[in-house]
There are 2 protein chains.
Amino acid sequence: MLLPQFRNLAFGLFAALFFSLVSPSALAETDPLPSWNDLPAKHRIIAFVRQTVTPESARFLPAEKRIAVFDNDGTLWVEQPVYAQMVFTLDRIRAMAPSHPEWRTKEPFKAVLENDYKNIPGLSLDFFELMIPTHTEMTTGAFRKTVSEWAATARHPHFKRPYAKLVYRPMLELLAFLEKNGFQNYIVSGGEVEFVRALAGSAYGIPPNRVIGSALKTEYKEAATAPEIIRKKKIENISNGQNKALLIDRIIGINPVLAVGNSDGDYEMLEWTTAGKDGLGVIIHHTDEKREYAYDRLSGMGTLKKALDDASRQGWLVVDMKRDWLNVFPDE
Amino acid sequence: MLLPQFRNLAFGLFAALFFSLVSPSALAETDPLPSWNDLPAKHRIIAFVRQTVTPESARFLPAEKRIAVFDNDGTLWVEQPVYAQMVFTLDRIRAMAPSHPEWRTKEPFKAVLENDYKNIPGLSLDFFELMIPTHTEMTTGAFRKTVSEWAATARHPHFKRPYAKLVYRPMLELLAFLEKNGFQNYIVSGGEVEFVRALAGSAYGIPPNRVIGSALKTEYKEAATAPEIIRKKKIENISNGQNKALLIDRIIGINPVLAVGNSDGDYEMLEWTTAGKDGLGVIIHHTDEKREYAYDRLSGMGTLKKALDDASRQGWLVVDMKRDWLNVFPDE
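Residues numbered from 1 in each chain as written. Chains lettered and ligands numbered in written order. Predicted model: local features only at pLDDT ≥ 70, side-chain atom pairs only at ≥ 80, totals over all residues. Heavy atoms only, no water.

Undergrad: Quick one: what's the story with unusual backbone geometry, residue by residue and with numbers?
TA: In this model, Gln80(A) is joined to Pro81(A) through a cis peptide bond whose omega is -5°. Tracing the chain through its elements places Pro81(A) in the loop between strand S1 (67-70) and helix H4 (84-96). The backbone of Asn115(B) sits at a positive phi, close to 50°, despite the residue not being glycine. With respect to the element layout, Asn115(B) can be found in the loop between helix H5 (109-113) and helix H6 (128-135). (Helix = DSSP H or I, 4+ residues; strand = E, 2+ residues; numbered from the N terminus.)

Undergrad: Mind laying out the pattern of salt bridges, listing which residues take part and the relevant values?
TA: Charged atoms that come close allow side chains of opposite charge to pair. Residues and elements named next belong to chain A. Under the definition given, this model contains 39 salt bridges over all chains. We note a salt bridge from Lys 145 to Glu 149, for which the minimum N-O separation is 3.1 Å. Taken together, the positions of Lys 145 and Glu 149, both in helix H7 (residues 140-153) and four residues apart, correspond to about one turn of that helix. Glu 149 sits in the partly exposed class, given a relative accessible area of 48%. One salt bridge connects Asp 309 with Arg 297, and the closest N-O pair in it is separated by 2.8 Å. On the criterion of sequence distance, the pair formed by Asp 309 in helix H12 (residues 306-314) and Arg 297 in the loop between strand S7 (294-295) and H12 is long-range, its members being 12 residues apart. Look at Asp 309 and you get partly exposed, because its relative accessible area is 47%. A single salt-bridge network, built from bridges that share partners, covers Asp 71, Lys 244 and Asp 266. (Salt bridge = Lys/Arg side-chain N within 4 Å of Asp/Glu carboxyl O. Buried < 20%, exposed > 50% of the residue type's maximum accessible area, 1.4 Å probe, protein only.)

Undergrad: Requested: an account of the packing of helix H10 (residues 242-252) of chain A against helix H11 (residues 267-274) of chain A, with residues and values cited.
TA: Residues and elements named next belong to chain A. Two numbers describe how H10 lies on H11: the axes approach to 6 Å, and their chain directions differ by 50°. The orientation of H10 relative to H11 falls into the category oblique. In this structure, H10 crosses over H11, and the sense of that crossing is right-handed. Residues Gln 242, Lys 244, Ala 245, Ile 248 and Asp 249 of H10 pack against Glu 268, Met 269 and Trp 272 of H11. Residue classes in the contact of H10 with H11 are distributed as four nonpolar, one polar and three charged. (Axes fitted to C-alpha atoms, helices over the stretch in contact; angles between N-to-C directions. Parallel < 35°, antiparallel > 145°, perpendicular 65-115°, else oblique. Left-handed = near helix turned anticlockwise from the far one by under 90°. Contact = heavy atoms within 4.5 Å. Nonpolar A, V, L, I, M, F, W, Y, C, P; charged D, E, K, R; others polar.)

Undergrad: If you had to explain the packing of H4(A) against helix H6 (residues 128-135) of chain A to someone new, which residues and values would you point to?
TA: Residue and element names in this part refer to chain A. Where H4 contacts H6, the axes come no closer than 9 Å and their chain directions differ by 65°. In this structure, H4 meets H6 at a crossing whose hand is left-handed. Across the interface between the two elements, Gln 85, Phe 88, Thr 89, Leu 90, Arg 92, Ile 93 and Met 96 of H4 pack against Leu 130, Met 131, Pro 133, Thr 134 and His 135 of H6. Residue classes in the contact of H4 with H6 are distributed as seven nonpolar, four polar and one charged.

Undergrad: If you had to explain H4(A) to someone new, which residues and values would you point to?
TA: Residues that lie three or four places apart on an α-helix share one face, since the helix turns once every 3.6 residues. Residues and elements named next belong to chain A. Compared with the 18 Å implied by 1.5 Å per residue over 13 residues, the 18 Å span of H4 between its first and last C-alpha is a close match. Of the positions making up H4, those classed as buried are Ala 84, Gln 85, Met 86, Val 87, Phe 88, Thr 89, Leu 90, Ile 93 and Met 96. The inward-facing, buried residues of H4 abut helix H5 (109-113), H6, H7, strand S2 (184-192) and helix H9 (193-204). (Expected span 1.5 Å × (residues − 1).)

Undergrad: Talk me through helix H3 (residues 40-53) of chain B; I want residue IDs and the actual numbers.
TA: Along its 14 residues, H3(B) runs 20 Å from first to last C-alpha, staying within 8% of the 20 Å computed at 1.5 Å per residue. Among all positions of H3(B), only Ala41(B), Lys42(B), Ile45(B), Ile46(B), Phe48(B), Val49(B), Arg50(B), Thr52(B) and Val53(B) are buried.

Undergrad: Explain the confidence of the model for chain A to me, and be specific about the residues and the numbers.
TA: Residues and elements named next belong to chain A. Summarising the model, chain A shows a mean pLDDT of 90, and 89% of its residues fall at 70 or more. Overall, residues 1-22 carries pLDDT values under 50, and its contacts beyond four positions in sequence, including any with other chains, amount to 28 contacts. Overall fold confidence (pTM) sits at 0.90, and the ipTM for the predicted complex is 0.90. (pLDDT = per-residue confidence, 0-100.)

Undergrad: So what's going on with the pairing of strand S4 (residues 228-237) of chain A? Residues and values would help.
TA: Residues and elements named next belong to chain A. Where strand S3 (residues 211-221) and S4 come together, six bridges link them in antiparallel fashion. Paired with Leu 216 across the two strands is Ile 235, which belongs to S4. The turn joining S3 and S4, which pair antiparallel and follow one another in sequence, is formed by six residues. (Pairing = 2+ DSSP bridges.)

Undergrad: With reference to specific residues and values, describe the pairing of strand S5 (residues 258-261) of chain A.
TA: Residues and elements named next belong to chain A. Both faces of S5 are covered, namely the face carrying Leu 258 and Val 260 and the face carrying Ala 259 and Gly 261. With three bridges connecting them, S1 and S5 associate as parallel partners. Counterpart to Ala 68 in the pairing with S5 is Leu 258. Note that S5 and strand S6 (residues 280-287) share four bridges and pair parallel. Within S6, the position partnered with Val 260 by the bridge is Val 282. Once the chain exits S5 it traverses H11 before rejoining the sheet at S6, and the crossover so formed is right-handed. (Right-handed = clockwise from strand over helix to strand, strands pointing away.)

Undergrad: How would you summarise the environment of Tyr295(A) if you had to cite specific residues and measurements?
TA: Residue and element names in this part refer to chain A. Looking at where Tyr 295 falls in the secondary structure, it is placed in strand S7. Leaving out residues up to four positions away in the same chain, Tyr 295 has contacts with Gly 74, Glu 79, Gln 80, Asn 262, His 285, His 286 and Gly 302. In this structure the side chain of Tyr 295 is engaged in a polar contact, spanning 2.7 Å, whose partner is the side chain of Glu 79. (Polar contact = N/O pair within 3.5 Å; in protein donor to acceptor, adjacent residues only side chain to side chain.)

Undergrad: So what about the packing of aromatic side chains? Which residues, and what values?
TA: Residues and elements named next belong to chain B. Inspection of every chain in the model, using the stated rule, returns 30 aromatic pairs over all chains. Here Trp 36 and Trp 325 contribute two aromatic rings whose centre-to-centre distance is 5.8 Å and whose plane-to-plane angle is 70°, an arrangement assigned as edge-to-face. One end of the pair, Trp 36, is in the loop between helix H2 (24-29) and H3; the other, Trp 325, is in the segment after helix H13 (321-324), with 289 residues separating them in the sequence. The residues Trp 36 and Trp 325 share a single accessibility class, namely buried. Residues Phe 159 and Phe 329 carry aromatic rings whose centres are separated by 5.2 Å and whose planes lie at 70° to one another, so their mutual orientation is edge-to-face. (Phe/Tyr/Trp six-rings, centres within 6.5 Å; stacked < 30°, edge-to-face > 60°.)

Undergrad: Tell me about the environment of Ile235(B), and name the residues and values.
TA: Residues and elements named next belong to chain B. Summarising the element assignment, Ile 235 is placed in strand S4 (residues 228-237). Residue classification places Ile 235 among the partly exposed residues on the basis of a relative accessible area of 28%. C-alpha separation for the pair Ile 235 and Trp 103, spaced 132 residues apart in sequence, amounts to 23 Å.

Undergrad: Outline the side chain of Arg250(B), listing residues and values.
TA: With respect to the element layout, Arg250(B) can be found in helix H10 (residues 242-252). Beyond its immediate stretch of four places on either side in the chain, Arg250(B) contacts Val193(A), Arg197(A), Ala215(A), Leu216(A), Thr218(A) and Glu236(A).

Undergrad: Lay out the side chain of Asp249(B) in plain terms, naming residues and giving numbers.
TA: Take Asp249(B): it is sitting in helix H10. One buried charged residue, Asp249(B), forms no salt bridge at all, with the nearest opposite charge on Arg144(A) at 5.1 Å. Aside from chain neighbours lying at most four places away, what touches Asp249(B) is Thr140(A), Glu194(A), Arg197(A), Ile229(A) and Trp272(B). (Lys, Arg positive; Asp, Glu negative; His and termini not counted.)

Next comes the structure, spelled out in structure tokens:
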């Protein structure tokens, strides 16, 4: 037990220390985003965060309003040539095939087992056929364990690295910078929520209660020693487009002030954060065919077309990966 | 900027201070639950929380696993003789009646306007008729504002006090004790999520992203300056019974270690927290007809029957309001 006078001294020193750590002048001393090139994108993000935490700024926000939302695939980690969840699903089909001889003649399983990629459905409602045996009729806990075990050995087909090493270093720095400034970072992914949760802790340090995503219906089931929650063969919600904004309103219930995405599926999330409000919207534009991939106007779920066309009018910051990022991955 | 040697000193003092604040020995010095009588219920709750934060304890949990879930009506504040949300709804019907002359002859509106209580539907699907004009076809923001404005002047029919003064002081102490020990407190209410959110900040200091509840479908709508999210005339989810456990798993994604409820609608939430796990389940039993109300085996949504019968077998702590609480309300 500290003596009262000593306690006051400690409080005073703590307050002084705290101020020295979070005040804008102290932040200026170290670069919070060293993997970002010294260009306008970096400046705008840093200025935004500093204004948010500076009581004298018109943009100042109390801590409980500092909510940031991030798409996952293509925003926090690599999504090309296929989403990690799709790789997981195909790997699981192959691993489970010995006990499913019927798959050898039944599509879409046959295409997966024969590596007939042109006949494997894209991540869509058709793809759900492949999700049934790999994602459903098991508990949330069992599914997460399977995903974690897969992630420990899975390698990206091109980079030959674990997915946890294919997170974007500039984004890890941004997450840490926000966290240090009292922000609550949420992932709002199109991916299945438990798949993303199983990876988000080790990949980004984001806990399960900060992950929102597409979801399967679940069922509460009494069992011998303890009840179980079972993942059913039915989609409850697809977290994409307008649904991302609706899920943010439903689950977080606080308007985000920063939204980061990389596709038209993030359009409404960006719009909800910025239109008529003072939030910052950021688009990660994949322009680096050497260090990562260059794409935008593809068809499919990764398409970035409308959001890119409207970025200037909406005031969204377009981050050009090739130009704005000094490093892309943690191991560079 | 502090000199480095000074900074080290400050860190040391901060660490000493921090330890003195959170170590079990320091907590023993001040009573964290002064409105609880010095009886086994209080002892068990304090012991549980201390074990959770003591690294040497078999029950120790890292901060990210310290999740506590609380029912709202009857657990954190008064729910008798009717739920606050019902009082709000009836008040709104009366306030809106001048622009709805058709209600004078149309049930269930007629019963409300004539104070014909036996013909006003209970909080149920029938009650939804009354929710349509009072809760739907408006934005989330507009609805929350209406609720806040109502709460500023509404008075409880029996206690003649604002609802914010009818929170249970022992529960406010428990919320604060948990928060101080690194817990994340969530409300998991049967009430409509935005109704509860509009009140939970001022009543309990619980932010919107820690409130889970029943929900209406919402719709994303483009509008002139900014998009809007509209509450629709359709129920998306009733947060009661098994659904409480499913919502906890879906939205929090971390198993709670403490659950507090007061009715059979909280049964599965308690069971999910405790059965086959090491969590603590707590039932608030309303036994104090003088200071509050005495009830349990009623029919309707507030029924406490099965959970009370099974409490001993399930190892749940039954808090007897009359015996265990020294004070009930903040203003005593």
